[in-house]
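# Remarks on the overall topology
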Amino acid sequence: MGLGWRGAAGTLRRRTEGSRYLLVTLLLLLCGFWEAHTQTDDGKSVYFWETGPWGRCMGSDCGPGGSQSRAVWCAHVDGWTTLHTNCDQGERPSNQRNCFRVCDWHKDLYDWKLGAWNECAPVSARTFGAARPFTCSGGEEGIQTREVNCLLKLDGTPAEDCICDYFEPMPRLEQACLIPCPQDCVVSEYSPWTSCSKTCGTGLRNRVRSVLVPPLFGGSVCPNLTEFQSCKPGPCTGPEGMYSLRIGAWSPCSLPQARTARQAKRRKGKGEGLRDRPGVKDPETRELIQKKRTRNRLNRQESPFWDIQVGYQTRDVICIHRNGSAAGRSLCTMRDLPLTVQSCVLPKDCQLTDWTDWGPCSKACVDPVFPRGNRTRSRQVLQFPVGEGADCPQVEELESCEPQGDGVPPCATYTWRSTEWSDCRVDVLLSQQDRRRNNATELCGGGLQTREVYCVEANAELLKYLNDLREKDKAGQTQRQQKPSVPPLLSISFQITASRPVENRLCEGPIPNRSQLCQIPCPIECEVSPWGAWGPCTFENCDDQAGKKGFKLRKRRITNEPTGGPGNCPHLVEAVPCDEPSCYEWKLLSLDQCVPGDQKKCGPGSQLPQIQCVNSNGEVGDANLCSSSPAPEPVPCEVPCSRDCVLSDWTPWSTCSQTCSSKTIEGKQMRIRSILAYNAGEGGAMCPNSSSLQEVRNCNEHACTVYHWSTGAWGLCSEDPSSTSLNTSTSGRAAGSPQGLCSTGLQTRKVMCVRVNVGQVPPKKCPDGPRPGTVRPCQLPCRKDCIVTPFSDWTPCPVTCDEAGNPVKSKQWRKRLVIQLPSNGGQECPEPLEEEKDCEVPKVCPGFRWKTHKWRKCQLVPWFLRQESPTAQESCGPGLQTRAVSCRQLDGTQADIGECLRYAKAMPVITQPCQLPCQDDCQLTNWSKFSSCTADCVGVRTRKRALIGRSKKKDKCKNTQMYPLSETQYCPCDKYNAQPVGNWSDCILPEGGRVESVLGLKVQGDIKECGQGYRYQAMVCYDQDSRLVETLRCNSHGYIEEACIIPCPSDCKLSEWSNWSRCSKSCGSGVKVRSKWLREKPYNGGRPCPKLDHLNQVPLSAQVYEVVPCQSDCNQYVWLAEPWSVWKVSNVDLKENCGEGVQTRKVRCMLNTIDGPSESVEDYLCDPEEMPLGARESRLPCPEDCVLNDWGPWSRCSLPCTRTNSRIRTAYPIRSPSVGRQCPDTTDKEPCGLNLNCFNYFYNITDWSTCQLSQNAVCGSGIKTRMLDCVRSDGKSVDIKFCEELNLEKKWQMNISCVVECPVNCQLSEWSPWSDCSQTCGLEGKMWRQRSVVQASQGDGRPCPSQMEQWKPCPVRPCYRWQYSPWSECRVESVVCGHGTRYRNLSCFVSDGSMDSEGEGSLVDEELCSSLELAVDGDKQITLKEACTLPCPGECYLMEWSDWSSCVSICVRDAAVDFGSVQVRSRAVLAQEPENLQLCPDQAWESQPCSGGECYEYKWLSSVRANSTRPLIWCQRSDGLSVTGGCPPVNPPTTNGSCDPPCLLPRSFCSEAGICMCEEGFTEVLSSTGQLDQCAPIPVLEIPTAGDKKGDVKTSRAINPTQPSTTQPGRTGRTWYLQPYGPDGKLKMWVYGVAAGAFVLLIFIVSMIYLACSYCATVHRSLKAQESNANGTAVWVGHNAHEMIYTCPDCQEPAPSSSSS
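### Some remarks on the overall build of the protein chain
- Summing up its helical and strand segments, the protein chain has 12 helices and 106 strands in all.
- Considering the protein chain as a whole, with its 1701 residues, one finds that 31% of them fall into the buried category.
- Long-range pairs, those at least 24 residues apart, make up 70% of the contacts in the protein chain with a sequence separation of at least 6.
- Roughly 105,000 Å² of accessible area belongs to the protein chain as shown, and the carbon and sulfur atoms make up 51% of that amount.

Written as structure tokens, this is what we have:
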């Protein structure tokens, strides 16, 4: 019983179904409450069983053996759980059940099966309750459903949905769809009225219209297409013709019954007679008879293909009354009675054999990219269609396929291969004016190298391997033990010699680069230092000191290692012979102070020398090694006494004036000293004279005979006979040797002794020690043989035929490519690389043609069938004759019929009507040919025929009007006029032969891209009738040719480089500059100028600079100070010659060399800050004064420089003072001041230079350099030694490699072959050819031209086409009406093929169209006659079909929804007699789908007609066509001009009756005079209908903007409207009754809701969340649009109590 309560509670649904459903709901609630109350009194009824959801299917095995469980418990009606014993155990649900345990492998066994979508059903039809009025706009929303089931794949057995749902969610069962709106029939306007059907009496006039859009999707049917109107031209003066002779349609063709038996009997008799005939046993005669029989059989069409039977057909000829009833033939006026029986061909349908088996798949290999191929099957024709028989269906069928079976080999794959890169060439990068073009051998740096790219079969070796295996299997010679040890793909070694080139089109993907940048290393020139000083005289070999011969050597070193090693440097050692050589000698380091002898303080003494024993290289050795040479003695000296003259020390010896000595030249050295103090009168030693103050000695006394070793260039590397490795030829580089080096060889060179300025001398003149070697090892490069590909396959032979059908000879080519050029003595390339040969000419051109055989005899209808005809004769009259056709190759050989069906033109006709002349008929010969004309456009030509036999004597045959015997026509006047047409083509250079090879490979080499070419304009030829003809008629080859010029590109022209400027700094790092000037700008696409540095705006002043750093030796120029002069004492004391005075000396700037300052230069080259003083003031010591030597150099200030540090200089006394006198300080000290006498030093790094190339390089790898300066803290650059002495860190890289972008000119491919003409005929055809960019320009290279394609016009050819003439009138033989025939002709027309000439053209001879396929607008089914009906007088009949209407799209314009396109044609009815209208046939229309239809809109339009107050209203389509149908079914627009007075009030309109009325939703309020006073809105009681959604209580009076409506204004699609006002504007009586009833009902409803909800709130709180939150709602809408809504506050969500708009 508890379940009953739940069922009652469940009736509270979230739905409102109107007031009636509200009452039912309330009553059910009350019943439910009452029943629950009574059940609650029962102790057991308040408990019920509750179940949980089923759990997961469990089990050990997969499949149906699983089990699942669920929870079951006992619950109280209030929702709480209680003991199981409180519930009825007999009703306890099961808590376990069997189930299907799904496992992963079930996925392959089960799957969802999707059914087809059902028809789209409107949503409104699925809604509960009554259907609502629906307004369709564009389409109605609908729902489609389908069945979805889980099935076992194996046999389709249904399974539980949970199995499939385990792997994939169930597909959707419903989907939204759109139901098109009904499309009413749309018809055109009426045509004008026809003339009256009668000339007297009462007749009919007709006007018709055609169907433009058929009725679709349940739209309204088409209206009548015809309107009738009676007419009376006038009374008839005589009797009216009431009867007409009418011809019926021909009956089906049939054979007379007796004829077949007679023919069989006759054939049998003939056959037996032939066999029994004697005298034909001769084999030759029998063969001739057999051939004749075969020929006759073919002509008789007894072939199974041509089983043509001639039968007969009949028709009725009756006399009918105007009202359509039949009458006696005698009532009709009889003229010649038409034929009622005629010969015909018995129709036979096409018969075919069964389909053959499917042929092999065109894809016989595995191709992952395109896995599918095609296969075909065919069937043969057994019987051709004859007469009206059905045509042959398709005789060949194609379907896609995949290769089947095991062991299907992979398809051939293709890949790009390339030849070896050519040698690197730099000259191709040079600009036009570069002088280095003339000497390309010395060029280096960046260059360009090229190669050819070709296509090969990538897996050819694998396919060959697999093919060999298959061949062995076929032969039964499988050698399993010879299988490769690795898989075949891995065992195929890549051999470039095995790749045969194929056509380039087979390779896909990007083509590899055919050119690349390369580098020729620039040779590094050897740079050496200046010569060093001459060394001492030493033995040639100190270990062997025999003899007295010695050498003095001087050396220089390599400062820049050259390419190829030091062997390419000049000699580094020079020698001069000398006497008394020694290997070791004493070297004087210094002299000690002068020590007087006898322990005196002054006077003569000696200086002890400090010496070392050194060898000829200056290396210190043991003193014993110099024992053979006496050690230097002490040097005598003198310490001046206090009154002696004091002299300074000797200066160092100057550099030697000469490097060697001869008879005329001697080297000299000099040293000097000066007087520091004079002697004291007579008591002291006197000062020497001035000549004694300097000394001169000889130096470099060796003779000027200098010798050195000179070396020649290294010879070629040759094999070393002692080496065991041989230089074998190779196809590539040796393994592990990147340079391709095979073995070690030897190089030799010539070494000779050379005397400077003399030449070669005997080797003994030069010392052996520095002699260079004459042999050195070298690496022999491998011999490289020429490698070529195998020859490509021969190009296919094109099968071309001339006009006569004879094969034309042609050639085929094949070629091979050089992959690797020979070098180092390798094998030369074979000849030739390209071969050609004549193609084998086929015996016959491929093609098929129909061959027609002789016409058979004319066959008449059997006499017994036509003997009743009054005019018929037995042996004459109209008949039918047939012939056979056969299929032949072009050479006449018999071919299968199917070949002609497939490849030949339309089959010739096999039947034609014929006439057997009767005795009374006139018989004439055929027309002769026209006579020839003597000249064009002059005279006439004639043709003749003659009467035959008895016809010559018959008078009627002699009537030349009826039977003319000659015809005359003017001679043809063929005049032709040529004129140009179209634009000029591009300028095209003449082609230089066959530049494109057969494989499509690019031919390397320069392509002429400028100069004189030609441009072309098409010529057109017209005849005298302005018809297009072949250009040959105008003696033209089709073009006007005109010379043109393609300007050649001119590169930017610059001057040569200027000389380098001097380094900007004389000490340290600076820059030097050189420049080029612009001479000529580029034009016509020449190479652009490099980035110019514009100093000003004058174009020719632009120049390009190159700036590089430079380093100047800070000691390159030095100041040289001579000794101080004699003192010039200002206070001369003649007695003592001392006191204050001045000393001067000469200071010069000298060029410093390794031997010391050599020559004087300009003073500005030396650092002015370093210039020594040229004069000094001092005090000349007096006699007995202390004399000090000159101050020594200042000591260096210690770093950092601070004032607390100081520097000193010292001097020592040369002459001691007398007693009582003191020497001055021998030490001078001064503080260190920053940037005064103390400096900090640091390195300064310059910027990188521009990328510097070799002089012979254009681009490529170069070097960027920078310099390291030593900079003093005051910013002055000083000698680098100052920084080096401080051991400062050098962390900079001084050189880096760089690349100068190469100026690569744009490289283009060859021009492609000219394309086919864009049009096969006409004036506008063009041919195109293209080229592509093979290498884009780089750097300052010449850019690519903009013209990448060229066009030229095609020769103008006339456009011929077959075209029908219009249909003739319906012809009925010699009678008034009935079934007849209409005809049309097939003619040849010519046009110029332009868009303007489509459908137009001029008629020409049919011979000009003979080469065309017999088809009209692509339709091969040629129809030249068809049956028609000529109506009899008074008959009501259907017109001929109208033309197809324009294609119309059934669409929704705003919603972009399209339901397809359609076009239609129709047949209207025409009537002639008013009394026969009931006998008229039904009008007809037919439609067909089409494409590209236009989407039209329809709308009402109106205008006021002249002299009328009524408006003219019509429906117009958006293309401007006036139509009937299509416009929305609302009141058409009207004007207020037809109502008087006009309707000017709001919401009013003028009705068709001319009365002002209100729109829907408003009622008329009239004035006392009966005129419309106002349009008052009608109060609306809106009741939600079945289709309303929850809570949808909107009461807007406006039409829903989202659903365009076609109903009248003021209505919505789901509202009931009540009209409470009468015509007088007062409320009707029923309104008061309804108001009172509604008030009582409202009170009742509110009371019931209150009672029900109160009880619900107290008893059933647990069910509150599950109940519906909506109930019935009543809404009253007043004039001010206020609304009042009543809801249950406890049973649903809160809702607003009132709202206003």
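### Structural notes on the packing of aromatic side chains
- This structure, assessed with the given rule, holds 8 aromatic pairs.
- Measuring from centroid to centroid gives 6.0 Å for Phe 848 and Tyr 903, while their planes differ by 20°, and the two rings are stacked. Note that Phe 848 is positioned in strand 56 (residues 848-852) and Tyr 903 in helix 10 (residues 897-903), a separation of 55 residues in sequence.
- One residue, Arg 814, lies across the ring of Phe 791, its end atom 4.2 Å from the ring centre.

### A few points about the side chain of Ser 1050
- Within the fold, Ser 1050 resides in the loop between strand 65 (1039-1046) and strand 66 (1053-1054).
- You can call Ser 1050 buried: its relative accessible area is 6%.
- Looking at Ser 1050, its side chain comes within polar contact range of the side chain of Glu 1080, at 3.4 Å.

### Some details on the nonpolar core
- With 18 residues, the main nonpolar core has Val 381 and Trp 850 as its most contacted residues.
- Of all the secondary-structure elements, those providing two or more residues to this core are strand 58 (885-889) and helix 10.
- If sequence neighbours within four positions are ignored, Trp 850 has contacts with Phe 384, Val 885, Ser 886, Ile 897, Cys 900, Leu 901, Ala 904, Lys 905, Ala 906, Met 907 and Pro 908.
- In terms of nonpolar packing, the next biggest core, distinct from the first, is built from 15 residues, Val 1020, Leu 1323, Leu 1386 and Cys 1388 among them.

### Brief notes about the sheet that holds strand 69 (residues 1117-1121)
- Judged by pairing direction, the sheet is antiparallel, and its 3 strands sit side by side in the order 69-72-73 without closing on themselves. Of all the strands in the sheet, the pair left with one neighbour each is strand 69 and strand 73 (1156-1160). Shown here is a sheet whose adjacent strand axes are inclined to one another by a mean of 55°, direction ignored.
- Both strand 69 and strand 72 (residues 1147-1153) contribute to a ladder of 5 bridges, which runs antiparallel. In the sheet register, Leu 1120 faces strand 72, and the bridge partner there is Arg 1148.

### A short note on unusual backbone geometry
- The omega angle of the peptide bond from Glu 831 to Pro 832 is -10°, so this bond is cis rather than trans.
- With respect to the helices, strands and loops of the structure, Pro 832 is situated in the loop between strand 54 (818-820) and strand 55 (834-838).
- Put simply, Leu 1199 and Pro 1200 share a cis peptide bond, and its omega is 0°.
- As for its position among the elements, Pro 1200 is in the loop between strand 75 (1187-1188) and strand 76 (1206-1210).
- In this structure, Asn 824 is a non-glycine residue whose phi angle is positive, near 60°.
- Following the sequence through the fold, Asn 824 ends up in the loop between strand 54 and strand 55.
- Even without being a glycine, Ser 1026 presents a positive backbone phi close to 60°.
- Secondary-structure assignment places Ser 1026 in the loop between strand 63 (1011-1022) and strand 64 (1028-1029).
- The class for Ser 1026 is exposed, based on a relative accessible area of 56%.

Reading the values: the criteria
- Residues numbered from 1 in each chain as written.
- Predicted model: local features only at pLDDT ≥ 70, side-chain atom pairs only at ≥ 80, totals over all residues.
- Heavy atoms only, no water.
- Helix = DSSP H or I, 4+ residues; strand = E, 2+ residues; numbered from the N terminus.
- Buried < 20%, exposed > 50% of the residue type's maximum accessible area, 1.4 Å probe, protein only.
- Contact = heavy atoms within 4.5 Å.
- Areas by Shrake-Rupley, 256 points an atom, 1.4 Å probe, with all protein chains shown as cover.
- Phe/Tyr/Trp six-rings, centres within 6.5 Å; stacked < 30°, edge-to-face > 60°.
- Lys NZ or Arg CZ within 6 Å of the ring centre and 35° of its normal.
- Polar contact = N/O pair within 3.5 Å; in protein donor to acceptor, adjacent residues only side chain to side chain.
- Core = buried A, V, L, I, M, F, W, Y, C linked by side-chain atoms within 4.5 Å.
- Pairing = 2+ DSSP bridges.
- Axes fitted to C-alpha atoms, helices over the stretch in contact; angles between N-to-C directions.

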